[in-house]
Amino acid sequence: MLTPSDCTKPVSVGHPSATLPSEASVALPSATVIVPTYREAESLPELLRRVERVRAQHALDLSLLIVDDHSGDGAGELVDRFAKPWATLVDRRGERSLSHAVVDGIRLAQGDAIVIMDGDGSHPSERIPDLLRALSEGQRAALGSRYVAGGSTDVDWGFGRWLNSRIATWLARQLTRVRDPMAGFFAMWRRDVPEHLDPIGYKIVLELIVRSGLDDVAEIPIHFAKRQHGASKLGLREQLAYLRHLRRLYAHRLVPRTAMPVVRRPLNSDADVAAR
């Protein structure tokens, strides 16, 4: 796994001539880290420990919001036992959807920025300060990328998943110039989140980039690790949903926005929200 000292200079998409201040001169914004989960209870202890360590090491005003799709796997009890005021779990009822779980999390978020990351350990929590630093340095958004200099994937990730990721990225090439819109590790200013979001499937980051009109996205190199617990939720259904999502986003780009009213999906009224 990479350490902060291994991280190369982030790639700025949209404003390549921008200069970056030194790390010590930049105050990092407050943020909510949104983690959508479904049957990831085994991975949560490590996530909680790593986020706690990052908060302490960097003196961050950082809260963690786990939005769980009613897994019934003990995730809520686990966060209860962790008993930190900055860690919250939402037991989300109704249709299970990673993207809609993130949208619901955004509605509950506090602070100046949001960070979106997976709960399976594939995204390095240690990179959160780098994403937030890019925002403080003038970027509208920052993305943890496998496909810029210094980025990598686990050697056991598998050729099939690598190929699937590359094809998905190629299909989105006319929607964004970022090199790894599929990674899912992302930060942006909360004020820039669009009022209307209409995601399908699991690529919420692509939804945010396109509908927010984000041309200024810093790509921070990360190591994308193999999950240690549970199984990937990526299957044929999710891949077909991605194609439908792409169609919708391309239509959004091609058709005047006034002709495409979109209503944000409301937060489920019976969600059990509790501070842990």
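The rules we used
- All chains use their own residue numbering, which begins from 1 and follows the written sequence.
- The predicted nature of this model means local features are confined to residues of pLDDT at least 70 and side-chain atom pairs, given and counted, to a pLDDT of 80 or more, with totals for whole chains, interfaces and linings taken over all residues.
- Processing note: side-chain calculations cover all non-hydrogen atoms of the structure and skip hydrogens and water entirely.
- Here a strand is any run of E in DSSP of at least two residues, a helix any run of H or I of at least four, and the numbering for each starts at the N terminus.
- Note on exposure labels: buried denotes an accessible area under 20% of the residue type's maximum, exposed denotes more than 50%, and partly exposed covers the range between, all computed with a 1.4 Å probe on protein chains only.
- In protein, a polar contact requires one atom able to donate a hydrogen and another able to accept it; more generally it is a pair of N or O atoms within 3.5 Å, and residues adjacent in sequence count only if both atoms are side-chain atoms.
- Each reported salt bridge corresponds to a side-chain nitrogen of Lys or Arg within 4 Å of a carboxyl oxygen of Asp or Glu.
- Put simply, two rings from Phe, Tyr or Trp (the six-membered ring, in Trp's case) pair if the centres are within 6.5 Å, and we call them stacked under 30 degrees between planes, edge-to-face over 60, tilted for the rest.
- Look at NZ for Lys and CZ for Arg. If either is within 6 Å of the ring centre and within 35 degrees of the ring normal, a charge sits over the ring.
- To qualify as a nonpolar core, a set must consist of buried Ala, Val, Leu, Ile, Met, Phe, Trp, Tyr and Cys residues joined through side-chain atoms within 4.5 Å.
- The contact rule is simple, with two residues in contact once any of their heavy atoms fall within 4.5 Å.
- A pair of strands is considered paired only if DSSP assigns at least 2 bridges between the two.
- If the strands point away from the viewer and the path from the first strand over the helix to the second runs clockwise, then the crossover is right-handed.

*Asks:* Just checking my understanding: could you explain the overall build of the chain for this structure?
*Replies:* Along its length, the chain carries seven helices and eleven strands. Relative to its 276 residues, the chain shows a buried fraction of 51%.

*Asks:* I would appreciate a short explanation of unusual backbone geometry in the present structure.
*Replies:* Negative phi is the rule for most residues except glycine; trans is the rule for most peptide bonds. The backbone phi angle of Ala59 is positive, close to 50°, even though this residue is not glycine. By secondary structure assignment, the location of Ala59 is in the loop between α1 (44–58) and β3 (62–68). Classification of Ala59 by relative accessible area gives exposed; the value is 67%. The backbone of Ala83 shows a phi angle near 55°, a positive value even though the residue is not glycine. Looking at the secondary structure, you find Ala83 in the loop between α2 (75–82) and β4 (87–91).

*Asks:* Would you explain the side chain of Arg146 in this entry?
*Replies:* For Arg146, the location among the structural elements is in the loop between β6 (141–145) and β7 (152–153). A polar contact is formed between the side chain of Arg146 and the side chain of Asp180, at a distance of 2.8 Å.

*Asks:* Could you clarify how one ought to interpret the pattern of salt bridges in this entry?
*Replies:* Any two side chains of opposite charge can pair if their charged atoms end up close together. Enumeration over the complete set of coordinates arrives at twelve salt bridges. Salt-bridge contacts for Arg50 lead to Glu126; the nearest nitrogen and oxygen are separated by 2.7 Å. Highlighted residues: Arg50 in helix α1 and Glu126 in the loop between β5 (113–116) and α4 (128–136), separated in sequence by 76 residues. Exposure remark for Glu126: the relative accessible area of 18% places this residue in the buried category. When the shortest N-O distance is used, the salt bridge between Asp130 and Arg127 registers 3.4 Å. Across this residue pair, the class does not change: Asp130 and Arg127 are buried.

*Asks:* Could you clarify how one ought to interpret the packing of aromatic side chains in this entry?
*Replies:* Describing an aromatic ring pair means giving the distance of the ring centres and the angle of the ring planes. Applying the stated rule across the entire model yields one aromatic pair. With a centroid separation of 5.6 Å and 85° between ring planes, the pair formed by Phe82 and Trp86 is classed as edge-to-face. Across the pair, exposure class does not vary: Phe82 and Trp86 are buried alike. Against the face of Tyr147 rests Arg166, its NZ or CZ located 3.7 Å from the ring centre.

*Asks:* Explain helix α6 (residues 204–211) here, please?
*Replies:* The periodicity of an α-helix, 3.6 residues per turn, causes residues three or four positions apart to be oriented the same way. The buried count for α6 comes to eight of eight residues, which makes it a mostly enclosed element. When we look at burial in α6, the residues that qualify are Ile204, Val205, Leu206, Glu207, Leu208, Ile209, Val210 and Arg211. Gly213 lies just past α6 and shows a positive phi near 60°.

*Asks:* So what exactly am I meant to see when it comes to α4 here?
*Replies:* Within α4, eight of the nine residues are buried, leaving the element largely enclosed by the surrounding structure. Downstream of α4 by a residue or two, Gly138 has a phi angle that is positive, lying close to 115°.

*Asks:* Help me understand the nonpolar core, please; the structure alone is not making it clear to me.
*Replies:* Across soluble globular proteins, you tend to see nonpolar side chains buried next to one another. In this structure, Val33, Leu62, Ile66, Val115, Ile128 and Leu132 are the most contacted members of the largest nonpolar core, which totals 35 residues. In this structure, Val33 is in contact with Leu62, Ser63, Leu64, Leu65, Val115, Met117 and Ile128, ignoring residues within four places of it in sequence.

*Asks:* Would you explain the pairing of β4 in this entry?
*Replies:* Looking down a regular strand, the side chains alternate between one sheet face and the other. Judged by how many residues are buried, β4 sits mostly within the fold: five of five residues are covered. Here β4 shows a buried face lined by Ala87, Leu89 and Asp91 and a second buried face lined by Thr88 and Val90. Across five bridges, the pairing between β3 and β4 is parallel. By the bridge assignment, Leu65 is partnered in β4 with Thr88. You can see the chain leave β3, run along α2 and come back into β4, and the turn it takes is right-handed.

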